[in-house]
Amino acid sequence: RMRWVKCVGARGDEPGPSARFGHTATCVKSSRFVVVFGGLARGDGDSKGALEDVVVYDARADAWFRPTITTPGPRARAFHSACAFRDSFVVIACGRDGREQFGDVWVLDCDAWTWTRRSSATMAPRDFASIVAIDADTVVMFGGFDGKGWLADVHTLRDASSETGATWMCERVAPARVEVFDELAASGARMAMETLGAVASGGRTSPEARSGHAMVLYGPNVLIHGGQGANGAAFSDTWCLRRDGDGWRWVKLVLRGHAPAARAGHAMGVLTMSPNVANVVIAGGVGEDGWLAKKRVYFDDAHFLDGENARWERVQFTG
């Protein structure tokens with residue numbers, strides 16, 4: 001069982017972030033800081049529209065603060081992608097401001113509190129993509145929406161620590177194949193798959209184009225769950241972008257238990273319970289309910305993916 005704890009920042013003098021959606025919240029400094037950036041505000045006049053502020057929650061001090069940033073930063077935006085990088089940096093990529101989509105990359109140094117742009121790293125503008133750092137110098141991006149359609153491409157940002165040398169590379173990912181394997185993750189995180197790593201004959205060999213999916217690093221691999229595709233259809237599938245020599249291969253995960261309902265815009269994180277097993281938790285998101293008449297549903301549930309038994313479980317909360 002788990003329980004929710006509201007982070008109110010009771011010991012600080014500053015209020016938390018203003019009401020918003022489409023923002024990012026990224027943990028850095030060994031999860032001491034949660035860095036909130038951007039989003040869209042709903043209001044009147046100057047209080048409405050895309051935001052460009054940085055508000056930080058200090059979990060150790062139970063306080064919110066607004067760091068003094070003296071360098072120019074990214075334009076106000078929402079529905080961008082963000083991830084922690086080298087534990088002291090936040091990478092921001094793409095997004096939109098309501099009128100224009102972006103294809104740029106910015107890095108926030110959470111020691112010096114300075115922004116730097118990766119001037120050589122540009123790509124076709126998009127929003128609702130996901131990024132994750134896979135090592136000390138590489139960030140992976142998957143999917144998104146470019147204003148005309150949903151995307152299923154994989155890009156890696158190489159030399160991400162270099163202001164002028166960082167570049168995106170479009171990866172050719174090998175299609176999924178029927179296979180049986182035992183270890184999906186290594187280096188202190190494993191998921192026992194038994195015969196569950198197989199793609200059924202005639203099934204998809206790569207994920208459908210999508211946006212609003214959730215993505216995390218799992219050992220040396222990347223897990224992707226859910227999202228929204230063409231015609232607004234939400235997904236409930238789980239894919240692995242698996243290391244395959246010097247390249248990548250798709251693996252569709254067939255998991256036991258009660259899978260979460262199809263959804264997009266949800267959160268996903270890795271929860272380590274023991275030195276050898278890492279588990280995954282997803283929470284929230286938006287999907288559809290009903291049969292003849294579909295209606296939008298916002299979820300307040302959470303689901304736990306048992307990394308040892310490859311099984312979904314719905315989280316029961318106390319308090």
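Not measured: the values here are computed from a predicted model.

So, how was this worked out
Residues numbered from 1 in each chain as written. Predicted model: local features only at pLDDT ≥ 70, side-chain atom pairs only at ≥ 80, totals over all residues. Heavy atoms only, no water. Helix = DSSP H or I, 4+ residues; strand = E, 2+ residues; numbered from the N terminus. Contact = heavy atoms within 4.5 Å. Areas by Shrake-Rupley, 256 points an atom, 1.4 Å probe, with all protein chains shown as cover. Polar contact = N/O pair within 3.5 Å; in protein donor to acceptor, adjacent residues only side chain to side chain. Pairing = 2+ DSSP bridges. Axes fitted to C-alpha atoms, helices over the stretch in contact; angles between N-to-C directions. Buried < 20%, exposed > 50% of the residue type's maximum accessible area, 1.4 Å probe, protein only.

What follows concerns the overall build of the chain. Of regular secondary structure, the chain possesses 0 helices and 26 strands. Relative to all contacts within the chain whose residues are 6 or more apart in sequence, the contacts with residues 24 or more apart total 53%. When the accessible surface of the chain is totalled, it reaches about 15,800 Å², and 49% of it is carbon and sulfur.

Turning our eyes to something else, we now look at the environment of D146. The topology assignment puts D146 in the loop between strand 12 (138-145) and strand 13 (150-158). When the C-alpha positions of D146 and Q101 are compared, they lie 7.7 Å apart, and in sequence the two are 45 residues distant. Ignoring anything within four residues of it in the chain, the contact list for D146 reads Q101, P125, R126 and L151. A distance of 2.9 Å separates the side chain of D146 from the backbone nitrogen of K148, its partner in a polar contact. A polar side-chain atom of D146 sits 2.9 Å from the main-chain amide nitrogen of G149.

With that settled, consider the sheet that holds strand 13. Spatially, 11-12-13-14 is the arrangement adopted by the 4 strands of the open sheet, whose pairing is antiparallel. Every interior strand has two partners, whereas the edge strands, strand 11 (130-135) and strand 14 (167-170), have only one. Going across the sheet, the axis of each strand differs from the next one's by a mean of 25 degrees, ignoring polarity. Pairing analysis gives 5 bridges linking strand 11 to strand 12, with the strands arranged antiparallel. In the sheet register, A133 faces strand 12, and the bridge partner there is V139.

For the rest of this paragraph, the subject is unusual backbone geometry. The general pattern is negative phi for most residues beyond glycine and trans for most peptide bonds. The backbone of F79 shows a phi angle near 55 degrees, a positive value even though the residue is not glycine. Tracing the chain through its elements places F79 in the loop between strand 6 (63-65) and strand 7 (81-85). Under the relative-accessibility criterion, F79 is labelled buried at 18%. With a phi angle near 60 degrees, C94 is a residue other than glycine that sits in the positive phi range. Among the structural elements, C94 can be located in strand 8 (residues 89-96).

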